[in-house]
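Observations on chain architecture
Chain residues, written in single-letter form:
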Amino acid sequence: VGPNLGALNRAVLLSASHLITPLAPDLFSAQGLKYLGPTLIDWRAGWRERLAKCPDPSLSLPSGGLAPLGYVVMQAGMRLSRPVAAYGRWVAQMPKVFHRELLQGDANNLSVNNDPYCLGVMRNYQSLMPLAQDAKKPMFLLKPGDGAMGAHQGAVARCYDEFERLANTITDKLRAEGAARGA
């Protein structure tokens, strides 16, 4: 959903079983988490209250669980598979802010490398995004005919690998959670 806390997003999020939070490595995402955490707590409590007062128990309504599955740090400037220093300082703060604001917990000893809630750190793919928009396809499926030539082909392959790794991480985490619940 879009980055706002409006009524439409509230309805969509309350009908979801899990939440994956995309974060940019910057002050705005850190500040946004400070508003998102308490808002989600209020929304869940309000929805549980409404469910308890539902006059027709046969209605199939979402539980409003909205369990945080984790976060993805997006658009980090990378060098040799690590965020460059300017982004690295913000990336390093994300586990602490995410745990404090969304999970109401402590993460002083966590980094994106050992935080079980960090689903991935995705690089800024620079010129692949406008090429993908022009071609009306995902960045990781761009071909030379779409304008992805030369060094872009290496970036496309790297993009594919990174998105596949992210998708597998999310799938594995959902499977593990389902197994833990006996689902």
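Note that the structure is predicted; figures quoted are calculated from it, not measured. (Residues numbered from 1 in each chain as written. Predicted model: local features only at pLDDT ≥ 70, side-chain atom pairs only at ≥ 80, totals over all residues. Heavy atoms only, no water.)

Some points on helix H4 (residues 128-135)
Of all the positions in H4, only Leu128, Leu131 and Ala132 are classed as buried. All buried residues of H4 project into a common sector of 100° when viewed along the axis, lining one side. Among the exposed residues of H4, those pointing more than 90 degrees away from its buried face are Gln133 and Asp134. On its buried face, H4 is in contact with helix H5 (151-181). In the stretch just after H4, Lys136 is the one whose phi turns positive, near 55°. (Buried < 20%, exposed > 50% of the residue type's maximum accessible area, 1.4 Å probe, protein only. Helix = DSSP H or I, 4+ residues; strand = E, 2+ residues; numbered from the N terminus. Arc of directions from axis to C-beta. Contact = heavy atoms within 4.5 Å.)

Concerning the packing of aromatic side chains
Counted according to the given criterion, the structure contains four aromatic pairs. Look at Phe140 and Phe163: their rings are 5.5 Å apart centre to centre, the planes differ by 45°, and that puts the pair in the tilted class. Of the two residues, Phe140 sits in the loop between H4 and H5 while Phe163 sits in helix H5, which places them 23 residues apart along the sequence. By relative accessible area, which is 26% here, Phe140 ends up partly exposed. Taken together, the ring pairs connect Tyr71, Phe98 and Tyr117 into an aromatic cluster. Taking NZ or CZ as reference, Lys173 lies 4.2 Å from the ring centre of Tyr117, over its face. (Phe/Tyr/Trp six-rings, centres within 6.5 Å; stacked < 30°, edge-to-face > 60°. Lys NZ or Arg CZ within 6 Å of the ring centre and 35° of its normal.)

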